[in-house]
Amino acid sequence: MNLFAIDLKSGSPIYEQVLYAARKAIISGELKPGDAFPSVREIAAALRINPNTVQKALTALKAEGLVETLPGIGNRVCERPEPEVAGRAAQLDEALEALVLRARQLRLAAADLHAALQDHWGRFND
Amino acid sequence: MSIQFRSLTKQYRAGAEAVRDLTLDIVPGSVFALMGRNGAGKTTTIQLLLDLLLPTRGEARLFGVPAAKLCPEHRQRLGYVSENQRLPDWMRVDEFLRFLKPMYPAWDELLTQRLVKLFALPMTQRLDRLSRGQRMKAAFLGALCYRPDVLVLDEPFSGLDSVMRQDLLDALIEFLGEGERTVFLSSHDLGEVERLADTIGVLDHGRLGLHGNIDDLLSHAREVSFLTATPQLPADLPADWWNPVTSPHGTTFTAAVVPDEAALAAAIHSRWPDAGGLTIRPPGLSRYYIDYLRHIEVHPLAGSSTALPS
């Protein structure tokens, strides 16, 4: 996913869309550790959105350890340390709960959810 | 504070109050969008802010000074563009720019040339021969070329085609990226507000209703939809479920303050035991705003203004 090519939709908050696109670009490996990450002004101009919104998304990405700002150089995608084994599942707990809740709202069977998970898992090339 | 309103009230002769007791601080460096339906008091508020109208009570302050006391030094740091901008129509575009330049010490000739190119303005055309969109661009040029600290825009996109809007948006985003700029705009255009603004305030019959940071407001809210065979809405719906509408194609509303999605889902299932295909997600600004406007049609604003979430 090219961060500059995301198509902003009016149906959900712009901040969430930018954050989601950036996370996806990094986690999918499209942007690799050490790659330059675009500046606030570049992203704001390309997406035609308020630089404050982009700055906020960048702050969130930094807090998540996905992007770092090097003085005099600019933004860069971080090397990601392996999360401690014990902490890994716990980090996903909230997201998993939301996913299961949503699946139950839609009256999906557990097997359907497993199949959908497998499908999405396979879309990322490690 | 670059813009402040204190109990600002305007009553036109023998009419209802166009602006009622408006008290609000605009955070420096933010883009504030004043929204509301036609006749809600948006343009009156802007005219009071710029001392184009006298308040009946209270005051608007710019750069810490009451609007009535703004001096030329303040005006040099202030830009204003309105959908009904009065321009010196007899001037050509190049004459208009030469006319403005000496009034603003911070006028940037390189920026001017860049914007002229971006806007593709015919420099030797008289202002009264320009199309509506080109006139707006000329007005924008006259307000952006000295990089004002505060930019006030009254319905800047109204009546413009998509290409014009995109050009203006590009110029504004660049302007915002250059430093701490405060923008106060009134607009009906949800698409542009969503891209430009970080804070909104909604006026209704002159009163300030919902206001706050867009991301905060939206992150607390959820757009809800589901299917049910129950044709009637239950009587005991919470007051912050805005604009509940039910039809055979689905029931929808915006839940304004949602601390917990699981509790919201439970509250829905307790009222509609047969609810199916339940979707709960953060709303976009347009859905949120329109459901709010419908909500206050049915539940008019009380005496004082409210901020959500608390």
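As shown above, the structure is provided for reference.
As the structure is a prediction and not an experimental result, all values here were calculated from the model. (Residues numbered from 1 in each chain as written. Chains lettered and ligands numbered in written order. Predicted model: local features only at pLDDT ≥ 70, side-chain atom pairs only at ≥ 80, totals over all residues. Heavy atoms only, no water.)

### Considering the overall build of chain B
No. 1: A tally of helices and strands in chain B yields 10 helices and 14 strands.
No. 2: Along the longest, intermediate and shortest principal axes, the C-alpha atoms of chain B span 70 × 40 × 35 Å.
No. 3: Taken across its 310 residues, chain B has 52% of its residues classed as buried.
No. 4: In chain B, 71% of the contacts between residues at least 6 apart in sequence involve partners at least 24 apart.
No. 5: Looking at chain B as shown, the accessible area adds up to about 13,700 Å², and 52% of this sits on carbon and sulfur atoms.
No. 6: When the 32 positive and 37 negative side-chain charges of chain B are each reduced to one mean point, those points stand 7 Å apart. (Helix = DSSP H or I, 4+ residues; strand = E, 2+ residues; numbered from the N terminus. Buried < 20%, exposed > 50% of the residue type's maximum accessible area, 1.4 Å probe, protein only. Contact = heavy atoms within 4.5 Å. Areas by Shrake-Rupley, 256 points an atom, 1.4 Å probe, with all protein chains shown as cover. Lys, Arg positive; Asp, Glu negative; His and termini not counted. Charge placed at Lys NZ, Arg CZ, Asp CG, Glu CD.)

### What about the interface of chain B and chain A?
By a widely used convention, the size of an interface equals the accessible area lost when the partners come together.
No. 1: In this assembly, 34 residues from chain B lie in contact with 22 residues from chain A.
No. 2: Of the roughly 2,100 Å² buried between chain B and chain A on both sides combined, carbon and sulfur atoms contribute 47%.
No. 3: Counting the surface chain B buries against chain A, the share from its top three residues, Ile173(B), Arg195(B) and Asp215(B), is 27%.
No. 4: Seen at the junction of chain B and chain A, the total is 2 salt bridges.
No. 5: Salt-bridge contacts for Arg48(A) lead to Asp170(B); the nearest nitrogen and oxygen are separated by 2.6 Å.
No. 6: Counting only elements with at least two residues in the side of chain B that touches chain A, the list comes to helix H6 (162–177), helix H7 (190–196), helix H8 (214–220), helix H9 (261–271), strand E14 (276–281) and helix H10 (285–298) of chain B.
No. 7: With 6 residues, the top contributor of residues to the side of chain B that touches chain A is H6(B).
No. 8: In terms of residue class, the side of chain B that touches chain A is built from 15 nonpolar, 10 polar and 9 charged. (Buried area = accessible area lost by both parts, 1.4 Å probe. Salt bridge = Lys/Arg side-chain N within 4 Å of Asp/Glu carboxyl O. Nonpolar A, V, L, I, M, F, W, Y, C, P; charged D, E, K, R; others polar.)

### Observations concerning the nonpolar core
No. 1: Residues Phe37(A), Phe140(B) and Leu196(B) are the most contacted members of the largest nonpolar core, which totals 87 residues.
No. 2: Counting residues in each nonpolar core, the second largest holds 25 residues, with Leu8(B), Leu34(B), Leu49(B) and Phe63(B) among its members. (Core = buried A, V, L, I, M, F, W, Y, C linked by side-chain atoms within 4.5 Å.)

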